[in-house]
Each structure stands twice: as C-alpha cells, then as structure tokens.
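Listed here are the chains, written in short residue letters.
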Amino acid sequence: MWTTLKAKAAEVADRRIEAMLDADRAADFAVQAGDMRMDYAKTNIDVATRDMLIGMLETTGVAAKRDAMFAGTAINETEGRAVLHTALRNLDGGPVMVGGADVMPEVSGTLKRMDAFAQDVRSGKFQGQGGKITDVVNIGIGGSDLGPAMAALALAPYHDGPRCHFVSNVDPADIAKVLRSCDPATTLVIVASKTFTTIETMTNARTAKAWMGEKVSDVGAQFAALSTSAEKTADFGISPDRVFGFEDWVGGRYSMWGPIGLSLMIAIGADAFHAFLRGAQAMDVHFQAADWHENMPALLALVGIWHNQGCGYTTRAVLPYDNNLSRLPAYLQQLEMESNGKGVSMDGADLPVHSGPVVWGEPGTNGQHAFYQLIHQGTRVVPCEFLVAARGHEDALHHQHQLLVANCLAQSEALMKGRDLDEARSKVADKFEGAELDRQAKHRVFPGNRPSITLAYPQLTPFVLGQIVALYEHRVFVEGVVLGLNSYDQWGVELGKELATALQPVVEGVKTAADKDGSTAALVDFLQKHGV
Ligand code: F6P
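Residue indices follow the written sequence of each chain, beginning from 1 at its first position. Two thresholds apply to this predicted model, a pLDDT of at least 70 for residue-level local features and 80 or more for giving and counting side-chain atom pairs, whereas whole-chain, interface and lining totals are computed over all residues. Excluded from the side-chain calculations are hydrogens and water; all other atoms, namely the structure's heavy atoms, are used.

Quick word on the overall build of the protein
Alright, step 1. Counting from the N terminus, the helices are DSSP H or I runs at least four residues long and the strands are E runs at least two residues long. The number of helices and strands found in the protein is 21 helices and 15 strands.
Alright, step 2. A simple rule labels every residue: compare its accessible area, found with a 1.4 Å probe on the protein chains alone, to the largest value its type can have, and call it buried under 20%, exposed over 50%, or partly exposed in between. Buried residues in the protein amount to 51% of all 532 residues.
Alright, step 3. Should any heavy atoms of two residues lie within 4.5 Å, those residues are considered in contact. Long-range contacts, defined as pairs at least 24 residues apart, comprise 76% of the intrachain contacts of the protein with a sequence gap of at least 6.
Alright, step 4. Only four residue types enter the charge count, namely Lys and Arg as positive and Asp and Glu as negative; His and the chain termini do not. Where a charge sits is defined by one atom per residue type, namely NZ (Lys), CZ (Arg), CG (Asp) or CD (Glu). Side chains of the protein give 47 positive and 63 negative charges; the mean places of these two sets differ by 4 Å.

Encoded structure:
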C-alpha cells in the first residue's frame, strides 16, 4: 500500500497542478458539508490517485472502525477505553452503550447542570463574596485548556458573560498576570483537569486558592471543578454541586464538548454553546453518512496522507484568514500531534511509514509578513490549509474583510501558479540588464506547484466552529486508522513528567545532581549560581 502510494507520488511529482485545473476539476475536487466547502483542487491529486487513497480506507477498514468508535467499542486499545467525545454532542441522537449501559442520560444530565450553573453565574444568581461574578479563571492545561481557550477566542463576538481567562503554564508569570487583573471577591475559579493530578494545574489551583483566601472567607464556594475524579475534587475542597464530571472515554484533547467547555459556556451562554455542539453533531452525521468521495473529514485526512506519507512533506501549515481563529493552530497541534505522533502500530510493530506531520501556523495576513517567504520560495514544500469566512462580524468594516478574503485566495493562487524566470525577468527588465538582469530575476522566481486546501464557510458562528473542530477530530481518526496506530493514548508525554518530578529536588538544591548526565548537571549548576 505505502510503496504504491510513494511510487504514484514520484510519478506525478513534476506535473503542474495548474495544468490540471479546469472548471470540471474545480467542481469535482471540492466537497460540501452543510454550508462549508472544502476545495482540494489545488493539490496534485488526480482521479486515479483519489481512488487509490479511498482504496486505503477500504483496506484498513475505516468504516467499520468509525462505526465501532461511535458505538462505544473500546477502540483505545492500549488503555482499554471507548472513544466517545461524539456522545457529548449527541443532542438528540439515540442511546450510546458502553459496557452494556446507555451513557446518554448521564451526558444529558451533566449538560443540563452545566446550563443551569452557567445561567446562574451569568445572571448573578450565583455570586461571589463581593457580588456578581465578573471574572472566570479556567485553570487547566493541554486538552483542559487549549480547546476552551481556542473556542472562547474564536467566539469572542458572542461573549456576553463575565470575562474569561485561561491559565495553563506552571510558569508563575501566567497566573500572576491573570490574578492581577481580577478581584478575588467576584472571581470564579474553575479547575479543569480530567485526572485532577496534573502538576501544573494543581500547582496553579493551589496558588489561586491562596490568592482568593486573602480576601474571601469561604474560598471553596468560588471554585468549581471539571474532572473524572469526584474523590480528588472533594479532597481539594470543592463541593459536589460545583463539580462537573465526565468519564474516561472522553480523551483530554477531545473534551471541550462536555464539562471542560464550561468556561466557554459561561462566556457565550448555553444557547450558543448548544449551537456549537450542534455544529459538531452535524459533522458527525456527515462523517458517518457521506460516501467517501463526498466525505469531508475522510478526504481531508487522505490529502494529508498523500502529502505526508506519499510526497514526503513533513509539515503542514494551518493558516486561518480569520483572526479569531488565532489559537486554532495551537489547538490542532495537540489534537493532531498528540494523537498521531506515534512510531508504533496498534499491534506493537514499528510504524512502516512516518507518523502524522508537524502542524503549525498563524493567522493570515500576519503570516504573509513573516514566514510565507519560506512557503513560497523555500526548498521544502509545505502544504497549506487556508480557512476563510465569507463574512466577519464587523459589518461596518466589511471592506476590510473583503481585503482579507482577497489575500487568502491570492496566496493559494500564488502558491500554485508561481512565477517563472521569463515573467520574473519582465518584472525587472526596466531596472537591470545583461547578467545582472538574470541574477536579479532569479531571486524573483517562485517555483509554484505548491499544494493547498481551502476551507470556506459563511461566518465563524458557534455552529460553524463546531463543524470545523469535529472535522479535524475525524481527520485525525481517519489518519490514525490508515496509519494503523492508536490516536487516543499519549504515552509520549510520560517520560518528561517523570524526569521533571525527579529533577525538582535537584533544582531546589535538596538533592545533588550527581546521578544526572554532565550536560544536565552543568545546567543545574549554572541556574543555581544565578539564583534558581
Ligand atoms: O500530559 C498530556 C495530557 O495528559 C494531555 O493529554 C491532557 O490534555 C493534559 O495532559 C491535561 O490533563 P488533565 O486534564 O488530566 O489535567
């Protein structure tokens, strides 16, 4: 399978994308899910390649595995767990069985409790010691931070609740800055941690508790917790009526649809949050029902596999022309790289190909004035993924939005078309001549033929954001199945955690660095001499 894919990629490597692009291709290599359009006509994939890629879905049994995931089978085999973030947005779907029991009553019950609590905070029925809550501080990291933080920023035009802050880093600079801007008497602290053991989160939570204790007599009353561990949240002193629980079949990086989304819900309100869930649910339905040729998440994954495993492009840029999506690349880094950054197949054998790509990016047009130079003229090809809305939220400034859209479309066009030497020469022929003209022109050549995908949607509403995030979740799923790995564990984060725990007493000077390697010991020595 992989040899054929690589051979095909090598065979068409020099073919110009532009030469293939007629009106038929533009229609045939675009797919619609609801009112979202994904254009992949500006890739070097032809009909035969697409058929071959879709054949990989059949060979690796993606449909059966997809159905198993939605049905609650324990597809996370290394942890023996189901993978059911889709149940959290199964708003009016049927029962979802895990271990013989329907999980939906519990899911719906928790969502109702979240709705009520969010409404109480927003209306002022739930108060802090100093009155109505003005600020919500979400303390969490990884999946307990990136999802709600990304979405809160993305849906900023819908905020009508208290101010929302996100603290994640154990670096005290993070929490200190946020707490400086809040009044403890009117702040609600939400400790978001699936395990309630993550050292960064628990350290920050204790810092917040001490900060609040200086001014508030009943500190626990202004804390809420989002976790799978009722025991640990109780030990921390948070009353069960402000604990929103979930099950271990919700992976951290897939968790913002449930309790981990509480701060987002408080910011935008339950109705908008439900619209967000409905958008994701619509993408779930599409993913389950659409033929592979029309299936947006499957095609998005296959284009990625073509570029990474076929063509050998090792990174992928996600470029939202939507400033409110500025944290989407960071969110996708966890979603994709923590899920598919694995070197071992499900059966324990080495992966026969590279794992998922490095994902990175920044909003356009900012990136254009920073790193696009490399994307256009660097020696490595970086497949790009553009996201763009037809409309922003600033109606009075719609002309600026049109300029934004023009830039987005221009970039994918420029990447595909490039500029050859003759054209480059004509651009500077009035300034130079002879050998100097050739030399100057060479610097102005764009190789072009660089692939991109464009995801276009009417406006970044809560519903559309739900569609986008679920699209990427299913993209990860499909890529994981085709690569044959487990997208739902994350053993690769463990070693660093263990070593950090062992190093803390060394850094504090309680233990010597004698058993450390020379480099680490010398760094500890340097930092201690400078006051660590
Ligand atoms: O260390 C990685 C990780 O386990 C992520 O997978 C997770 O999203 C994050 O840490 C936070 O975990 P928790 O929600 O349990 O605090």
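Side note on the pairing of strand E10 (residues 223-227)
Alright, step 1. Counting buried residues in E10 gives five out of five residues, a clear majority hidden from the surface.
Alright, step 2. Here, strands pair whenever DSSP counts at least two bridges between them. In the sheet, strand E9 (residues 187-192) pairs with E10 via four bridges, with the strands oriented parallel. Within the sheet, the bridge partner assigned to valine 189 lies in E10 and is phenylalanine 223.
Alright, step 3. A crossover gets the label right-handed when its path from the first strand over the helix to the second runs clockwise, viewed with the strands pointing away from the viewer. Following the backbone out of E9, through helix H9 (residues 199-213) and into the adjacent parallel E10, one traces a crossover that is right-handed.

Concerning a nonpolar patch on the surface
Alright, step 1. Candidate patch residues must exceed 30% relative accessible area and have no salt bridge, after which like charges are joined if within 9 Å and Val, Leu, Ile, Met, Phe, Trp or Tyr side chains if within 5 Å. The Shrake-Rupley method, run with a 1.4 Å probe, gives the accessible areas here. Residue values count only the displayed protein chains as cover. Throughout this description, the term salt bridge denotes a Lys or Arg side-chain nitrogen within 4 Å of a carboxyl oxygen of Asp or Glu. Judged by side-chain polarity, Val507, Leu523, Phe526, Leu527 and Val532 come together as a nonpolar surface patch covering roughly 460 Å² of accessible area.
Alright, step 2. In terms of residues, the nonpolar patch owes the most to one element, helix H21 (residues 518-529), which gives three residues.
Alright, step 3. Counting through the fold element by element, valine 532 comes out in the segment after H21.

A closer look at the environment of arginine 450
Alright, step 1. The residue arginine 450 is located in the loop between helix H18 (434-443) and strand E15 (452-459) in this model.
Alright, step 2. For arginine 450 and valine 510, which are 60 residues apart along the polypeptide, the C-alpha to C-alpha distance reads 55 Å.
Alright, step 3. Residues in contact with arginine 450, not counting those within four places in the same chain, are Ile17, Lys42, Leu374, Ile375, His376, Gln377, Gly378, Arg380, Val381, Leu415 and Met416.

Here we look at the domain arrangement of the protein
Alright, step 1. Domain annotation of the protein identifies domain 1 (88-274) and domain 2 (491-529).
Alright, step 2. An automatic or database domain assignment is the source of the domain bounds shown. Put simply, the middle of domain 1 and the middle of domain 2, counted by C-alpha atoms, are 33 Å apart.

Points about the site of the ligand
Alright, step 1. When at least one non-hydrogen atom of a residue lies within 4 Å of a molecule or strand, that residue is treated as near it. Around the ligand, the structure places 14 residues, and the nearest of them are Ser144, Ser193, Thr195, Thr198 and Glu338.
Alright, step 2. The contact in question runs from an oxygen atom of the ligand to an N or O atom on the side chain of glutamine 334, over 3.2 Å.
Alright, step 3. In this structure, an oxygen atom belonging to the ligand sits 2.7 Å away from a side-chain N or O atom of glutamate 338.
Alright, step 4. For the ligand, the protein covers 88% of the area, taking 390 Å² as the surface of the free molecule. Any pair of N or O atoms that falls within 3.5 Å is considered a polar contact. Within protein, one atom must be able to donate a hydrogen and the other to accept it, and sequence-neighbouring residues count only if both atoms are side-chain atoms.

Digging into helix H6 (residues 104-123)
Alright, step 1. Multiplying 1.5 Å by the residue count of a helix minus one yields the expected span of that helix. An ideal rise of 1.5 Å per residue puts 28 Å on 20 residues; H6 measures up with 28 Å between its terminal C-alpha atoms.
Alright, step 2. Those residues of H6 not exposed but buried are Met104, Val107, Thr110, Leu111, Met114, Asp115, Phe117, Ala118, Val121 and Arg122.

With respect to the sheet that holds strand E14 (residues 384-391)
Strands in a sheet are paired, the pairing made by backbone hydrogen bonds, and the direction either parallel or antiparallel.
Alright, step 1. Taken together, six strands build an open sheet; the order of strands is E1-E2-E15-E14-E12-E13 and the sheet is mixed. Unpaired on one side and paired on the other, strand E1 (30-33) and strand E13 (358-360) mark the two borders of the sheet. Here the strands of the sheet are splayed against their neighbours by 15° on average, with no regard to which way each runs.
Alright, step 2. The pairing of E1 with strand E2 (residues 36-39) spans four bridges and is antiparallel. Of the residues in E2, the one forming a bridge with valine 31 is methionine 38.
Alright, step 3. Angular values range over 0 to 180 degrees, each being the angle between N-to-C directions of two axes fitted as lines to C-alpha atoms, with helices fitted over their stretch in contact. Contacting strand E12 (315-321), E14 and E15, helix H16 (residues 398-417) runs over the sheet at an angle of about 155° to E14.

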